[in-house]
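# Summary of structural features
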Amino acid sequence: MLVAVLLFGAAITLLAILGLASPGKLRNFVSGFGRSRNGFYFAIGIRLVFGIMLIGAASESRFPLGFQVLGFVSLVGAAAVAIIGQVRVQRMVEWANARSDVVIRAWALCAAAFGAFLVYGAM
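The structure displayed is predicted, hence computed values, not measured ones.

Attention shifts here to the packing of aromatic side chains. Think of a pair of aromatic rings as described by two things: how far the centres are apart, and how the planes are tilted against each other in angle. Inspection of every chain in the model, using the stated rule, returns six aromatic pairs. Plain terms: the ring middles of F8 and F50 are 4.5 Å apart, the flat faces sit at 20 degrees to each other, and that makes the pair stacked. A residue pair is termed long-range when its members are at least 10 positions apart, and F8 in helix α1 (residues 2-21) and F50 in helix α3 (residues 37-57) qualify at 42 residues. Here the aromatic residues F63, F67, F117 and Y120 are joined through ring pairs into a cluster of three or more. Positioned above the aromatic ring of Y120, the side-chain terminus of R62 is 4.1 Å from the ring centre.

This is how it looks when you write it as structure tokens:
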């Protein structure tokens, strides 16, 4: 499980670096998921898998309590996305994509820090 969290953290970090370098490419990437029904189900599924991975890897990580809390937050996030529905998720994606490049880069920087935290915690 720990290796899966490490790989997931690395993927988040790489995607965040894309957002830092080119906010437009990140917008296009996110928009593709926001418009499709499959993207909606993917958003729910990835949160479920991520939450289960974090909870499963918590005891072996550098931050057991942190990983457990993040895992449960991810599971709650999956339920929240399912409850609010695809139309509202699509509106949220459109709202986020309308933000300036500075805002997108700021969020990407936060995502890079989060991904780095996951990698460090899983090592």
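Next up on the list: the nonpolar core. Grouped together as the largest cluster of nonpolar side chains are 11 residues: L2, V5, I12, F50, M53, L54, A57, A58, F67, L118 and A122. If near-sequence neighbours (up to four positions away) are discounted, V5 is found in contact with M53, L54, A57, F67, L118 and A122.

This part takes up helix α4 (residues 64-97). With 34 residues, α4 ought to run about 50 Å at 1.5 Å a step, yet its terminal C-alpha atoms sit only 34 Å apart, falling short of that. The largest bend in α4 amounts to roughly 105 degrees and is located at G85. For α4, every residue scored as buried is listed here: F67, G71, S74, A78, V81, G85, Q86, V89, V93 and N97.

Thresholds applied
- Per chain, residue numbering runs from 1 following the sequence as it is written.
- In view of the model being predicted, local features appear only for residues whose pLDDT reaches at least 70, and side-chain atom pairs are presented and counted only at 80 or more, with totals across whole chains, interfaces and linings using the full set of residues.
- Hydrogens and water molecules were not included; the side-chain quantities draw on all heavy atoms of the structure.
- Centres within 6.5 Å are what make two rings of Phe, Tyr or Trp a pair, Trp counting through its six-membered ring; a difference in plane orientation under 30 degrees is then read as stacked, over 60 as edge-to-face, and the rest as tilted.
- Helix numbers and strand numbers start at the N terminus; a helix is a DSSP run of H or I with at least 4 residues, a strand a run of E with at least 2.
- The criterion for a charge sitting over a ring is simple: Lys NZ or Arg CZ within 6 Å of the ring centre, and within 35 degrees of the ring normal.
- Among buried residues, those of type Ala, Val, Leu, Ile, Met, Phe, Trp, Tyr and Cys that are joined through side-chain atoms within 4.5 Å constitute a nonpolar core.
- Summary of the burial criterion: residues with accessible area below 20% of their type's maximum are buried, those above 50% are exposed, and those between are partly exposed, where the area comes from a 1.4 Å probe applied to protein chains only.
- Here, two residues are considered to be in contact whenever any of their heavy atoms come within 4.5 Å of each other.
- In this analysis, the expected span of each helix is defined as 1.5 Å times one less than the number of residues it contains.
- A residue's bend is given by the angle between axes fitted to the 7 residues ending at it and the 7 residues starting at it.

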